[in-house]
Amino acid sequence: MNERLILLTDSGIRFYDGNKTSDIASSTLSGYLSRAREVERSREWKSTGSGAAFMGTALPAGSSSSENIRSKVTCTAVLGNSLLYSLWIDEFGGIYSKLSPDDTNEGVFWSDSGCRVKHFSVCGSRMVAAVSYGAETHVAVFDGENMRQLTEGPSSESWPSFSELDPGYIYYGSSGFEIDAASENSDEQRTVLPMFGMLTPSAPKKLGPSAIFRINISTLEIDEILSDPKYNFEKPYHGRDGKIYFIKRPFSEKSGMKFSDILLAPARFIGAVGGFLNVFTMKYSGKTLTSSKGTKSKQKSEYDRIIEGNLINSEKELKSNRAYGDSDPGIIPRSFEFCAMSAQGDIKVLKKGINAFSPIHGTDDFYVSNGSAVIRIYADGHEEKICTQDGVYQIVTV
């Protein structure tokens with residue numbers, strides 16, 4: 001079978017043509033970066049040279065604004081004959097389309113400066129998306145260029161999809177934000193550290209565990225399908241067989257601040273910044289920012305991969321999965337489970353060490369990713385490795 005897949009990774013979109021994988025470039029992003037560099041070059045006289053030094057507008061080397069532009073492809077799907085992908089560039093985003101993986105003439109499917117599309121999926125000619133407004137993310141449906149928001153409140157929704165059994169329903173993951181009395185009575189909260197008189201900016205609200213919900217598109221009635229304070233249930237898919245397929249992984253939450261933490265906060269804050277930069281540097285260069293006598297200045301970080309925001313020790317997880325007898329072991333921890341829940345509520349683990357899956361329409365088979373490869377799981381239980389690809393967290397069939 002000549003399988004053709006779109007694979008989304010933290011480094012971008014890949015296309016598997018049945019033989020090999022290749023990059024799918026974003027012409028929208030490359031065009032944006034090119035224009036930013038042109039604008040920067042036209043203003044170089046204001047920030048470089050003796051004239052800029054005299055005016056006091058000179059910028060230090062390495063402070064190029066075009067080099068600091070943040071961007072990320074967050075989701076992809078196929079609609080008709082078009083490949084769609086959502087792209088965030090700094091503070092705005094949109095959904096863009098191309099007719100083939102190597103098409104450079106991209107179109108704008110949807111764009112809005114006030115919000116960004118986090119995840120989306122299609123069913124026929126319809127689209128549902130998780131749209132971000134600042135910290136909150138809510139489910140919305142698209143009808144052409146019109147968008148209708150379905151959910152609201154202090155929560156972050158993710159990976160919505162239409163039910164294959166009844167397209168009048170949408171299934172999605174949702175995590176609620178922690179709410180306290182202080183945050184409800186003040187627009188901006190700050191903490192005063194005793195004895196130091198220091199003001200700290202308000203900490204981001206913590207997200208709770210992700211549960212699976214279902215919403216009726218017509219009535220907007222919402223039902224909670226599956227939740228457990230110890231786990232995240234993500235990427236729900238309601239199949240034609242009536243089962244709900246999803247990824248289950250442990251939920252972890254940082255403990256609250258103790259009095260001793262408050263007293264030590266200034267020193268810990270400085271240490272935390274240094275530690276973060278050290279881990280960040282190790283992740284990308286393999287070197288530490290600090291060194292001491294008798295230790296090597298070049299070493300690997302304990303966590304050397306980040307997939308969907310999850311820190312992973314790839315060597316450790318690969319050894320663990322191999323020890324359990326996986327024929328094609330990957331780097332996703334075994335605590336990440338691909339599961340199915342029957343209409344009666346019975347849950348079965350289909351495969352451990354999985355962070356993404358996609359149904360193969362017309363069959364009862366699935367594509368899954370173990371962080372190192374894409375594997376096909378057949379209905380009878382046997383498996384076949386389709387291709388090698390690191391860091392895949394979304395699989396789309398073409």
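Scroll up to find the structure.
Residues numbered from 1 in each chain as written. Predicted model: local features only at pLDDT ≥ 70, side-chain atom pairs only at ≥ 80, totals over all residues. Heavy atoms only, no water.

Trainee: Help me out: how do you make sense of the overall build of the protein chain in this one?
Mentor: Helix and strand counts for the protein chain come out as 6 helices and 28 strands. The burial tally for the protein chain puts 42% of its 398 residues in the buried class. When the accessible area of the protein chain is evaluated, it comes to approximately 22,300 Å², of which 52% is carbon and sulfur surface. (Helix = DSSP H or I, 4+ residues; strand = E, 2+ residues; numbered from the N terminus. Buried < 20%, exposed > 50% of the residue type's maximum accessible area, 1.4 Å probe, protein only. Areas by Shrake-Rupley, 256 points an atom, 1.4 Å probe, with all protein chains shown as cover.)

Trainee: Teacher, can you tell me more about the sheet that holds strand 6 (residues 92-98) here?
Mentor: In any sheet, the strands associate via hydrogen bonds between backbone groups, in a parallel or an antiparallel arrangement. Reading across from one edge, 4-5-6-7 is the order of the 4 strands in this open sheet, with antiparallel pairing throughout. Only two strands of the sheet have a single partner each, and these edge strands are strand 4 (71-79) and strand 7 (107-112). Geometrically, the sheet is characterised by an average inter-axis angle of 20 degrees between neighbouring strands, direction not taken into account. Of the pairings in the sheet, the one linking strand 5 (residues 82-89) to strand 6 comprises 7 bridges and is antiparallel in character. Note that in strand 6 the partner of S86 across the bridge is I95. Contacting strand 4, strand 5 and strand 6, helix 1 (residues 27-42) runs over the sheet at an angle of about 35 degrees to strand 5. (Pairing = 2+ DSSP bridges. Axes fitted to C-alpha atoms, helices over the stretch in contact; angles between N-to-C directions. Contact = heavy atoms within 4.5 Å.)

Trainee: Sorry, what's going on with the packing of aromatic side chains here?
Mentor: What describes a pair of aromatic rings is the distance from one ring centre to the other and the angle between the planes of the rings. Enumeration over the complete set of coordinates arrives at 12 aromatic pairs. On the basis of an interplanar angle of 40 degrees and a centroid distance of 5.9 Å, the ring pair of Y85 and Y96 is categorised as tilted. Of this pair, Y85 sits in strand 5 while Y96 sits in strand 6, and the two are 11 residues apart along the sequence. Consider the rings of F338 and F366, whose centres lie 5.3 Å apart with planes at 70 degrees: the pair is edge-to-face. Note that F338 is positioned in strand 22 (residues 337-341) and F366 in strand 25 (residues 366-369), a separation of 28 residues in sequence. Just as F338 is buried, F366 falls in that class too. Here the aromatic cluster, defined as three or more aromatic residues joined through ring pairs, consists of Y237, Y245, F338, F357 and F366. Taking the ring centre of Y169 as reference, the NZ or CZ of R214 above it sits at 5.1 Å. (Phe/Tyr/Trp six-rings, centres within 6.5 Å; stacked < 30°, edge-to-face > 60°. Lys NZ or Arg CZ within 6 Å of the ring centre and 35° of its normal.)

Trainee: Looking at this structure, how should I read the pattern of salt bridges?
Mentor: Opposite charge on two side chains lets them pair, provided their charged atoms get close. Across all of its chains, the model carries 18 salt bridges by this definition. Of the charged contacts, one joins D90 and R70 as a salt bridge, the two residues approaching to 3.7 Å between their closest N and O atoms. Of the two residues, D90 sits in the loop between strand 5 and strand 6 while R70 sits in the loop between helix 2 (49-55) and strand 4, which places them 20 residues apart along the sequence. Relative accessible area serves as the criterion here: at 52%, R70 is assigned to the exposed category. (Salt bridge = Lys/Arg side-chain N within 4 Å of Asp/Glu carboxyl O.)

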